[in-house]
Amino acid sequence: MKLLQTSILCFSLLSLIVACSPEANNSKEFTINTVLTASGPLFEGSNTCQAEISSNIAEYIKENGITKEQIVDVTLTSASATIDTSNLNILESINLQVFSDNFPMQNVAFANVGDNNDKVDLEVADVQEQLKAILFEGKSYIIADATIKEDLDDDLNLNMELVFSINYHKK
Amino acid sequence: MKKIITLIGTLALLFTISSFTSNPASVQDGGDDIMGLWEPSNGKARVKIEKIGSKYYGKIVWLREPLDPATQKPKVDKNNEDEKMRNVPLRGYRMLKDFVYDAESKEWSGGTIYDPESGSLYSCVVTMENDVLDIRGYVGVKALGRTDTWKRIKIKKKN
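Residues numbered from 1 in each chain as written. Chains lettered and ligands numbered in written order. Predicted model: local features only at pLDDT ≥ 70, side-chain atom pairs only at ≥ 80, totals over all residues.

1. Quick word on the overall build of chain B
Of the regular secondary structure elements, chain B holds 2 helices and 8 strands. Looking at chain B residue by residue over its 159 residues, the buried ones come to 26%. Across chain B, every contact between residues at least 6 apart in sequence was considered, and the portion connecting residues at least 24 apart equals 34%. (Helix = DSSP H or I, 4+ residues; strand = E, 2+ residues; numbered from the N terminus. Buried ≥ 20, exposed ≤ 12 C-beta atoms within 10 Å, placed from the backbone. Contact = placed C-beta atoms within 7 Å.)

Below, the structure is given as structure tokens:
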């Protein structure tokens, strides 16, 4: 009898913990399109393509009836880069990073670039932290360290499409 | 009245001139002095420190041994805790991140240093004297860290 009582108590407690934990059971897709630029002339090796963005994620969730408090996390689900035809075959790899003034830089995606690819799908990192904080800060930075095979006289432009998943729980 | 107008005009002119000639705060306070090319004491790599936004970052731009002896391919971040990021090349890797300059203490702090040989990340503080950087990496307590000395590499500009 005592064992049964203890079991019921444990089960109730576990149910309560699970019910109260902020597990996300809903998600919305949020896309950022931006051009990352490294101003030429550029030398062979790693060059920094960057863009300062003002994310409108706050407006987006408001339009969708979601409050910031409901959001459990924001994760990058896909990242792709379209390369200008003039820069085709010059790129070796792209390492994508994001940060803001108050939150540290983190690697979020990477790709080795093959020849004749004008569109590259980057592999997204498993470990992603503080993206919610970074995107909600207003001003944030997206950086692509682009390794190029040879010197380039012109600018290097990467047209990036970043798709984020906003994971939230119901009110 | 004419004197007042002349005075206001002069002040406005001086203000305009100073606005065009003054530099951003970080240039004036010495924060940007850290920018450039540096070599750690072991001479295995060269790191370019640059500024993005208001923070400073250091990227590996040269490796004495760029190829992994095991694979004979360019070295990658094989010790990264995130398996998907283990193909990121070490050449171009940002091993110094998120440093903010404090003009009072003359330190670049609040950042991290990554050791690609072990995959470990440390808190880090940087000081500079006479083109030499003291890079102190630590876990938790600064006093229990280790300091490495980096020297500046001067590059001759192409004519």
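2. Things to note about the interface of chain B and chain A
With 20 residues of chain B at the contact, the number on the chain A side is 21 residues. If you list the elements that add at least two residues to the side of chain B that touches chain A, you get β2 (45–52), β3 (55–63) and β4 (94–102) of chain B. For the side of chain B that touches chain A, the class distribution of residues is 6 nonpolar, 4 polar and 10 charged. (Nonpolar A, V, L, I, M, F, W, Y, C, P; charged D, E, K, R; others polar.)

3. Things to note about the sheet that holds strand β7 (residues 132–138) of chain B
Residue and element names in this part refer to chain B. If you trace the 8 strands once around the closed barrel, you get β1-β2-β3-β4-β5-β6-β7-β8, paired in antiparallel fashion. Taking the axes of each pair of neighbouring strands and ignoring which way they run, one obtains an average angle of 30° across the sheet. Note: β7 against strand β8 (residues 146–153), 6 bridges, orientation antiparallel. Paired with L133 across the two strands is W150, which belongs to β8. (Pairing = 2+ DSSP bridges. Axes fitted to C-alpha atoms, helices over the stretch in contact; angles between N-to-C directions.)

4. Some thoughts on unusual backbone geometry
With an omega of 5°, the peptide bond running from G40(A) to P41(A) counts as cis. Among the structural elements, P41(A) can be located in the loop between β1 (26–38) and β2 (45–54). If you check the backbone angles, N130(B) has positive phi at about 45° while not being a glycine. In this model, D131(B) sits at a positive phi of 60°, which is unusual for a non-glycine residue.

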